[in-house]
Amino acid sequence: FVEQENYKASQLRTKELQQQGKLSHDTFDPIRELLMDLGLNYAGENIAWRYTDIKEAFRALTNSPKHNKIMLNKRWKYTGVSITEDNYYCQIFSR
């Protein structure tokens, strides 16, 4: 159930970023609150844009020390990933 909610949250988030036409962590709070309402303790995200495919976006996030640290955090229990047709990419992490 929680994995599905993380995936849905990542879909909502990529659509939101797409509508805004930019990347910003400033508008993540409603998604975080949605996940908190499900009983999770914490949520975080990695976002990317303009990479040609999901592999390239993942490689870029992995090569970024800050983003890679988020992905490797052993406290995360759940994740959800979404990408739009015009390459907005979002990873949602929660515990």
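Fair warning: this is a prediction, and the values are worked out from it, not measured in the lab. (Residues numbered from 1 in each chain as written. Predicted model: local features only at pLDDT ≥ 70, side-chain atom pairs only at ≥ 80, totals over all residues. Heavy atoms only, no water.)

A. Broad picture of the pattern of salt bridges. Following the criterion strictly, the structure yields four salt bridges and no others. Of the charged contacts in the structure, one is a salt bridge between E5 and K8, with a shortest N-O distance of 3.5 Å. Of the two residues, E5 and K8 both sit in helix α1 (residues 2-20), three residues apart, roughly one turn of that helix. The exposure class of K8 is partly exposed, given its relative accessible area of 44%. (Salt bridge = Lys/Arg side-chain N within 4 Å of Asp/Glu carboxyl O. Helix = DSSP H or I, 4+ residues; strand = E, 2+ residues; numbered from the N terminus. Buried < 20%, exposed > 50% of the residue type's maximum accessible area, 1.4 Å probe, protein only.)

B. Structural context of the packing of aromatic side chains. For the structure shown, the criterion picks out three aromatic pairs. Note on Y42 and W76: the rings are 5.8 Å apart at their centroids and 20 degrees apart in plane angle, and the pair reads as stacked. Of the two residues, Y42 is situated in the loop between α2 (29-37) and β1 (43-49) and W76 in the loop between α4 (65-72) and β2 (78-83); the sequence distance between them amounts to 34 residues. Judged by relative accessible area, which is 37%, Y42 ranks as partly exposed. On the basis of relative accessible area, W76 is assigned to the buried category, the value being 14%. Ring geometry for W76 versus F93: centroids 5.5 Å apart, planes at 25 degrees, classification stacked. (Phe/Tyr/Trp six-rings, centres within 6.5 Å; stacked < 30°, edge-to-face > 60°.)

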